[in-house]
Amino acid sequence: MSDAPTLARPAPATIAAPLALLAELTHRCPLRCPYCSNPLELDRASRELATADWKRVLSEAAALGVLQVHFSGGEPTARRDIVALIAHAASVGLYTNLITSGVLIDRAKMTALTGAGLDHVQLSFQDTDAASANRIAGLDHAHEKKLAVAALVREAGLPLTLNAVMHRQNLDRLPAMIELAVELGAQRLEVAHVQYYGWALPNRRALFPTYAALERATDIVEAARERLKGILTIDYVVPDYYARRPKACMGGWARQFINISPAGKALPCHAAETLPGFDWPSVLTTSLSDIWYRSDAFNRYRGTAWMPEPCQSCDRREIDWGGCRCQAFAFTGDASRTDPACALAPDRPILDAARADALGPETEFVYRQIGGAPKA
Ligand code: SF4
Ligand code: FES
């Protein structure tokens with residue numbers, strides 16, 4: 001625990017305050033999903049921030065103008081202080097969202113979380129078929145527990161979002177996933193195709209869908225959006241490997257989000273630790289205000305001045321912000337290149353080759369584990 005310096009200098013007028021804090025409380029998780037977006041090198045429990053540090057970070061976030069905090073991980077309810085942290089976030093005026101697998105939540109925990117002021121729950125589902133869901137999660141009975149937790153969330157009167165990560169092994173059951181969201185009383189369903197970084201990279205051939213399957217899924221989502229207007233909102237994220245233009249990753253580098261790792265590193269996105277040449281600031285030694293407004297790490301790819309061509313003269317540069325820096329690095333070895341998910345990128349052939357490889361013979365799952373994935 002430490003006393004970090006706080007809001008000493010005024011903020012530069014050109015940079016807006018962050019919208020949300022992503023509090024990755026822990027990398028511990030009873031599930032072992034083979035597409036986990038956590039880094040291959042997971043933070044061990046002994047390196048996690050103390051309760052008092054998290055509380056100070058939450059207070060600093062509220063003072064900075066942050067509106068929402070998303071508690072995630074790993075599995076955030078694996079932290080014994082989760083109720084205290086939610087209570088503290090609520091007490092400083094933050095909207096609190098719990099992103100959870102649900103498997104550690106029972107009725108008593110749900111009551112405590114609700115009493116602490118929790119505003120919203122995002123519950124992940126691996127599949128609609130229990131046997132398949134539990135195999136993907138790498139945990140027996142996980143699916144059955146999630147169904148029970150969804151009921152507890154609705155009983156508590158909290159809004160519920162279902163997170164469904166879709167891929168080759170469950171895409172046929174997308175219609176059933178949409179029906180499950182309606183049955184469970186969710187207001188929102190996030191249908192997210194796997195993005196290929198973190199643990200998803202060594203599992204690419206086990207997970208990557210064909211283009212025909214992706215097109216079918218897109219049609220299903222569009223029809224369901226029409227049919228379920230006013231009942232269920234469906235967010236839809238397609239895999240970058242099939243994109244013609246990249247997504248605005250994190251809404252642009254250091255434009256909306258601050259991500260704090262379990263050990264207290266401040267990052268513009270959860271995957272940024274994979275980028276070399278950065279001295280990531282720690283919330284143990286630097287105030288959130290200095291991190292957001294003044295750190296080299298957060299300023300390096302902020303805005304458009306850093307962009308190479310073709311982004312620099314492209315009329316989408318303030319729409320997608322040049323795509324994803326982590327993906328640009330993963331493909332090209334240089335985070336400042338145009339994201340190859342853009343068809344205009346000079347490095348697009350690298351992505352085309354990765355897509356061809358991903359469609360190769362299917363492999364067995366490499367499950368998430370402490371110590372990292374074996375070398376491919
Ligand atoms: Fe986006 Fe750059 Fe592609 Fe333009 S060239 S669409 S700004 S990634
Ligand atoms: Fe890091 Fe996209 S995941 S910028």
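See the structure shown above.
Residues numbered from 1 in each chain as written. Chains lettered and ligands numbered in written order. Predicted model: local features only at pLDDT ≥ 70, side-chain atom pairs only at ≥ 80, totals over all residues. Heavy atoms only, no water.

Chemist: Mind showing me how you'd approach the pattern of salt bridges here?
Modeler: For side chains of opposite charge, pairing can occur when their charged atoms come near one another. Per the counting criterion, the structure on display carries 21 salt bridges. Lys265 is the salt-bridge partner of Glu273, the closest N and O atoms lying 2.9 Å from each other. Looking at Glu273, the relative accessible area reads 26%, which means it is partly exposed. Judged by relative accessible area, which is 29%, Lys265 ranks as partly exposed. (Salt bridge = Lys/Arg side-chain N within 4 Å of Asp/Glu carboxyl O. Buried < 20%, exposed > 50% of the residue type's maximum accessible area, 1.4 Å probe, protein only.)

Chemist: Quick question: what am I supposed to make of the sheet that holds strand β7 (residues 233-237) here?
Modeler: Consider a sheet: its strands pair through backbone hydrogen bonds, and that pairing is either parallel or antiparallel. Read from one edge to the other, the open sheet built from nine strands follows the order β7-β6-β5-β4-β3-β2-β1-β8-β9, with strand pairing classed as mixed. For this open sheet the edge positions go to β7 and β9 (266-267), each flanked by a neighbour on one side alone. Taken together, the five bridges between strand β6 (residues 188-193) and β7 define a ladder with parallel strand orientation. Paired with Glu190 across the strands is Asp235, a residue of β7. (Pairing = 2+ DSSP bridges. Helix = DSSP H or I, 4+ residues; strand = E, 2+ residues; numbered from the N terminus.)

Chemist: Honestly, the site of ligand 1 in this entry has me stumped. Any pointers?
Modeler: Near ligand 1, the surroundings consist of Arg245, Pro246, Pro310, Cys311, Cys314, Arg316, Arg317, Asp320, Gly322, Thr338, Cys342 and Leu344. Taken together, the residues that form the shell around ligand 1 break down as six nonpolar, two polar and four charged. (Near = heavy atom within 4 Å. Nonpolar A, V, L, I, M, F, W, Y, C, P; charged D, E, K, R; others polar.)

Chemist: So what exactly am I meant to see when it comes to the layout of surface pockets here?
Modeler: Space left empty within the atom packing is revealed by a probe, the size of a water molecule, rolled over the atoms. Considering only enclosed or pocket space, the second largest pocket measures out at about 560 Å³ in volume. Lining of the second largest pocket is provided by 24 residues; of these, Leu40, Tyr197, Gly198, Leu201 and Thr274 occupy positions nearest its centre. Tallying contributions element by element places helix α11 (residues 325-332) first for the lining of the second largest pocket, with five residues. When its residues are assigned to classes, the lining of the second largest pocket shows twelve nonpolar, six polar and six charged. (1 Å grid on protein atoms, 1.4 Å probe; cavity = no way out; pocket = protein on both sides within 12 Å on 5 of 7 lines; lining within 4 Å. Points joined across faces, edges and corners; volume = space filled by probe spheres on them.)

Chemist: Can you help me understand the packing of helix α1 (residues 51-64) against helix α2 (residues 82-91) in this one?
Modeler: Two numbers describe a pair of packed helices, the interaxial angle and the distance between the axes. Packing of α1 against α2 brings their axes to within 9 Å, and their N-to-C directions diverge by 20°. Viewed along their axes, α1 and α2 adopt a mutual orientation that is roughly parallel. Judged by the twist between their axes, the crossing of α1 over α2 is right-handed. Where α1 abuts α2, its residues Thr51, Trp54, Lys55, Leu58 and Ser59 lie against Ala84, Leu85, His88 and Ala89. (Axes fitted to C-alpha atoms, helices over the stretch in contact; angles between N-to-C directions. Parallel < 35°, antiparallel > 145°, perpendicular 65-115°, else oblique. Left-handed = near helix turned anticlockwise from the far one by under 90°. Contact = heavy atoms within 4.5 Å.)

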